[in-house]
Amino acid sequence: MTVLKGILLAAGIAMAISTSAAHAQDQLKLAVGQRGNWDTSISEVGSRLGIFKKHNLQLQILYTQGGGETQQAVLSNSVDIGVAGGIMGALSAFSKGAPIRIIGAETTGGQDLYWYAKADSPIKTLKDFDGKTVAYSTNGSSTHGVVNAFVQENGIKPRLTATGGPAPTLTQVMSGQIDVGWSAPPFGLEQLNKGEIRVIATGNDTKAFKSQTVRLLITNTSVLQEKKDQIDRYMTAYRETIEAMYSGEEALKVYADFVGVPLAIAKRTRDEFFPKEALNPDRIVGLDTIVNDAVTLKYTAQPVTKDKLDVLIQIPSRR
Amino acid sequence: MGKLIVPPPIFGAACVALFLGLVEFLLSVGLLNQFVIPFPSAVLGSFWRLFEEEQLLHRLVVTGAEALSASMLVVAFGVGIGVLLHKRRILRLATEPWIAAAAAAPIVLAYPLFLVIFGRSSATIVAMGFVAGLAPVILKTVEGFQGVKKSFLNVGRSYNLSPGQLFWKIQFPASIPTIFTGIRLGLIFTLINLIGVEFLINFGGLGQLINDLAERYDLPGVFATIIFVILVSVVIFSLLERLERWLRPVR
């Protein structure tokens, strides 16, 4: 009985210590769009590397299907931070008076979106898209924007076809229903490695997308007021994680483990599709174009003015 | 004591109006979050905009055409297969449990498979609607024919009716109420899945519009479109009731 009492006492002490340690960390809830992309994995990788813990933060991450869902979770105060919310959606919500603030850029440019053809296809360059069926995901999406830019900037007339996500698109390309498919790494890299498909172009092959911030880190106004210190620490840890992801193999291994892909694919994802500058959270670029596009695409009724953008964008400065 | 007689439709409309008024009040005093639930007045006010700017009628035609195609397939194949299962006992015993299981399955989750087979087109939406609505129609058709009273059949036989006459003059009319219950259930499943898939693959008519408006954070528009879909469903099912009454004039 004495031994049993001892074990129970030790267990109780251990539990108390672990509970108090957990309480010492501030918790932040995150809604993250598109699980497994290199850019959307920063918080996960940082957590696994202990970077957020070093800043006294414990992240609770839930994954969403996309920008709209992420933004809604932020606006309803279900989460503290939204990762990879769409910039158009943020402008739309803000213009309607919603309590949303931008605390960082999540991805800038379109290098992470690529267009490919079957290995034996005669399509070699963007010019060869002329007259062919070229895929994009859905109307109004960033892939739609890129293929429209391909058309305008290259004077070609492909048949643009909405094919949905990367998986059904790949099937349609391989079965010959579509000539050119689209994807976002790591999806499709296995087929690229095996030589079954070839990359023809990326989003950065358009002038319009090369220098535009497309996804954001967002928060609710009330969260920014009440948890300013935590948000600042989150952004500091976020920046440190990006440094770690581009400075060695450890973060790559963590990412590969998280997504369940070989290390070589994780490395190719980073080195070929995500230049470090694309993840720079401190600069929102291309706003002149984006603000006007938001009106054209019916996201906002009028262009959001510079003064209002200054209210919307509140990126915590580097410490 | 005199009774206050209020026609049920007016009472129903009054309840809805009261509920909307309550939501409007709770939103205006901040007890509900207006960035999650829009003001009912804004929702009602956005209808004209949906017609003018979002081609709501055109989208209704697109979804309506898909729904009509899927529904015709559901009725034709559902009733046909139901009759076949009624006539072939071994087939019925072998397949009925599977069909019942299919009726309860979340078939909408299979949309990626349909996307691969049919591409991102109306064919996928129609096929999904068709598959989702088929099982209840088959099951209720079988139930309808199995439930025809023996005395009805005996009367028919005593008049020396041929098997064809027996089917068309007695079995089919007697089964119509149950078959229509199945058709109504099937069409509900079809419509839900159809609009759900339109939403999921962002293609087609009303479902795609809801998706588009949600992405644009146009909450009043989203809710107005959802209400429009509900109103369309109400019209469809009241038409279906009339069709049933027309097919079965004598009760």
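### Let's talk about the overall build of chain A
Next, step 1: Summing up its helical and strand segments, chain A has 15 helices and 10 strands in all.
Next, step 2: The C-alpha radius of gyration of chain A comes to 22 Å, within 12% of the 20 Å expected for a compact globule of 319 residues.
Next, step 3: Principal axes of the C-alpha set define a box for chain A whose edges measure 80 × 50 × 30 Å.
Next, step 4: Of all 319 residues assigned to chain A, the portion counted as buried reaches 48%.
Next, step 5: Excluding contacts between residues fewer than 6 apart, the proportion of contacts in chain A whose partners are at least 24 apart in sequence is 78%.

### Considerations on the overall build of chain B
Next, step 1: Counting its regular elements, chain B contains 11 helices and 0 strands.
Next, step 2: Seen in sequence order, chain B has helices and strands lined up from the N terminus as α-α-α-α-α-α-α-α-α-α-α.
Next, step 3: For chain B, the C-alpha radius of gyration of 23 Å lies well beyond 18 Å, the compact-globule estimate for 251 residues.
Next, step 4: Based on the C-alpha atoms only, the size of chain B along its principal axes is roughly 75 × 65 × 30 Å.
Next, step 5: Looking at the 251 residues of chain B, the share that counts as buried comes to 37%.
Next, step 6: Sequence-distant contacts, at least 24 apart, represent 72% of the contacts inside chain B between residues at least 6 apart.

### Here we look at the interface of chain A and chain B
Next, step 1: Opposite the 23 residues of chain A that make contact, chain B presents 16 residues.
Next, step 2: Counting residues per element, the ones that place at least two in the side of chain A that touches chain B are helix 4 (67-75), helix 5 (87-95) and helix 7 (166-174) of chain A.
Next, step 3: With 4 residues, helix 7 of chain A is the single largest residue contributor to the side of chain A that touches chain B.
Next, step 4: For the side of chain A that touches chain B, a count of residues per class yields 8 nonpolar, 13 polar and 2 charged.

### Some details on the sheet that holds strand 3 (residues 81-86) of chain A
Residues and elements named next belong to chain A.
Next, step 1: Taken together, 5 strands build an open sheet; the order of strands is 2-1-3-10-4 and the sheet is mixed. With partners counted over all chains shown, the strands left at the sheet margins are strand 2 (57-64) and strand 4 (100-108), one partner each. Direction aside, the axes of adjacent strands within the sheet are offset by 25 degrees on average.
Next, step 2: Relative to strand 2, strand 1 (residues 26-33) runs parallel, the two sharing 8 bridges. Counterpart to Val32 in the pairing with strand 2 is Tyr63.
Next, step 3: Against the sheet, helix 4 contacts strand 1, strand 2, strand 3, strand 4 and strand 10 (213-220), and its axis sits at roughly 145 degrees relative to strand 3.

### Considering the nonpolar core
Next, step 1: Counting residues in hydrophobic clusters, the biggest one holds 134 residues, and the most contacted among them are A:Ala90, A:Leu91, A:Val180 and B:Met128.
Next, step 2: Structurally, this core is a two-domain feature, drawing no fewer than three residues from each of domain 1 (24-108 + 212-312) and domain 2 (114-210) of chain A.
Next, step 3: Dropping the residues within four chain positions of it, A:Val180 is found in contact with A:Trp115, A:Tyr116, A:Ala117, A:Ile123, A:Phe129, A:Lys132, A:Val134, A:Ala135 and A:Ile200.

### Points about the pairing of strand 1 of chain A
For a regular strand, side-chain orientation follows a simple rule: the groups alternate between the two sheet faces.
Next, step 1: As defined by bridge partners, strand 1 of chain A adjoins strand 3 of chain A across 3 bridges and the pair is classed as parallel. Bridged to A:Ala31 within strand 3 of chain A is A:Gly82.

### Here's the deal with the sheet that holds strand 8 (residues 181-183) of chain A
Residues and elements named next belong to chain A.
Next, step 1: Taking strand neighbours across the sheet as the criterion, the 3 strands line up as 8-5-9 in an open arrangement whose pairing is antiparallel. Taken across any chain shown, the strands that pair with only one partner, and hence form the sheet edges, are strand 8 and strand 9 (197-202). When the angles between neighbouring strand axes are averaged without regard to direction, this sheet yields 40 degrees.
Next, step 2: Summarising the sheet, strand 5 (residues 114-118) and strand 9 pair through 5 bridges and their orientation is antiparallel. Across the sheet, residue Tyr116 finds its bridge partner in strand 9, namely Val199.

### Concerning helix 1 (residues 8-28) of chain B
All names here are of chain B.
Next, step 1: In this model helix 1 runs 30 Å from its N-terminal to its C-terminal C-alpha over 21 residues, within 8% of the 30 Å that 1.5 Å per residue would give.
Next, step 2: Within helix 1, only 0 of the 21 residues are buried, which leaves it mostly out in the open.
Next, step 3: A positive phi of about 85 degrees marks Gly30, the residue just after helix 1.

### Quick word on the environment of A:Tyr246
Residues and elements named next belong to chain A.
Next, step 1: Summarising the element assignment, Tyr246 is placed in the loop between helix 11 (228-245) and helix 12 (249-259).
Next, step 2: You can call Tyr246 partly exposed: it has 15 C-beta atoms within 10 Å.
Next, step 3: For the pair Tyr246 and Phe274, spaced 28 residues apart in sequence, the C-alpha to C-alpha distance is 10.0 Å.

### Considerations on the packing of helix 4 (residues 56-87) of chain B against helix 5 (residues 89-104) of chain B
All names here are of chain B.
Next, step 1: In the contact formed by helix 4 and helix 5, the axes pass within 6 Å of each other and the chain directions differ by 125 degrees. One way to sum up the angle between helix 4 and helix 5 is to call them oblique. Contacts from Leu84, Leu85 and His86 in helix 4 reach Leu91, Arg92, Thr95 and Glu96 in helix 5.
Next, step 2: Split into classes, the residues belonging to the contact of helix 4 with helix 5 amount to 3 nonpolar, 2 polar and 2 charged.

### Some thoughts on the pairing of strand 3 of chain A
All names here are of chain A.
Next, step 1: Within strand 3, 6 of the 6 residues are buried, which leaves the element mostly enclosed by the surrounding structure.
Next, step 2: Alignment of strand 3 against strand 10, held across 5 bridges, turns out to be antiparallel. Of the residues in strand 10, the one forming a bridge with Ile81 is Thr219.

### Considering the packing of helix 5 of chain A against helix 14 (residues 287-296) of chain A
All names here are of chain A.
Next, step 1: Between helix 5 and helix 14, whose axes approach to 10 Å, the crossing angle comes to 70 degrees. Classified by the interaxial angle, the pair formed by helix 5 and helix 14 is roughly perpendicular. Of the two elements, helix 5 crosses helix 14, and the hand of that crossing is right-handed. Together, Ile87, Met88, Leu91 and Ser92 of helix 5 and Ile290, Val291 and Ala294 of helix 14 make up the contact between the two elements.
Next, step 2: Here the contact of helix 5 with helix 14 is composed, by residue class, of 6 nonpolar, 1 polar and no charged.

### Overview of the domain arrangement of chain A
Residue and element names in this part refer to chain A.
Next, step 1: Looking at chain A, the domain boundaries give domain 1 (24-108 + 212-312) and domain 2 (114-210).
Next, step 2: A separation of 26 Å is found between the C-alpha centroids of domain 1 and domain 2.
Next, step 3: Listed per partner, the contact involves 13 residues of domain 1 and 10 residues of domain 2.
Next, step 4: A per-element tally of the side of domain 1 that touches domain 2 places helix 13 (residues 263-273) first, with 5 residues.
Next, step 5: Of the residues in the side of domain 1 that touches domain 2, the class split is 8 nonpolar, 4 polar and 1 charged.

Reading the values: rules and limits
Residues numbered from 1 in each chain as written. Chains lettered and ligands numbered in written order. Predicted model: local features only at pLDDT ≥ 70, side-chain atom pairs only at ≥ 80, totals over all residues. Helix = DSSP H or I, 4+ residues; strand = E, 2+ residues; numbered from the N terminus. Rg over C-alpha atoms; globule rule 2.2 N^0.38 Å. Buried ≥ 20, exposed ≤ 12 C-beta atoms within 10 Å, placed from the backbone. Contact = placed C-beta atoms within 7 Å. Nonpolar A, V, L, I, M, F, W, Y, C, P; charged D, E, K, R; others polar. Pairing = 2+ DSSP bridges. Axes fitted to C-alpha atoms, helices over the stretch in contact; angles between N-to-C directions. Core = buried A, V, L, I, M, F, W, Y, C linked by C-beta atoms within 7 Å. Domains from an automatic or database assignment. Expected span 1.5 Å × (residues − 1). Parallel < 35°, antiparallel > 145°, perpendicular 65-115°, else oblique. Left-handed = near helix turned anticlockwise from the far one by under 90°.

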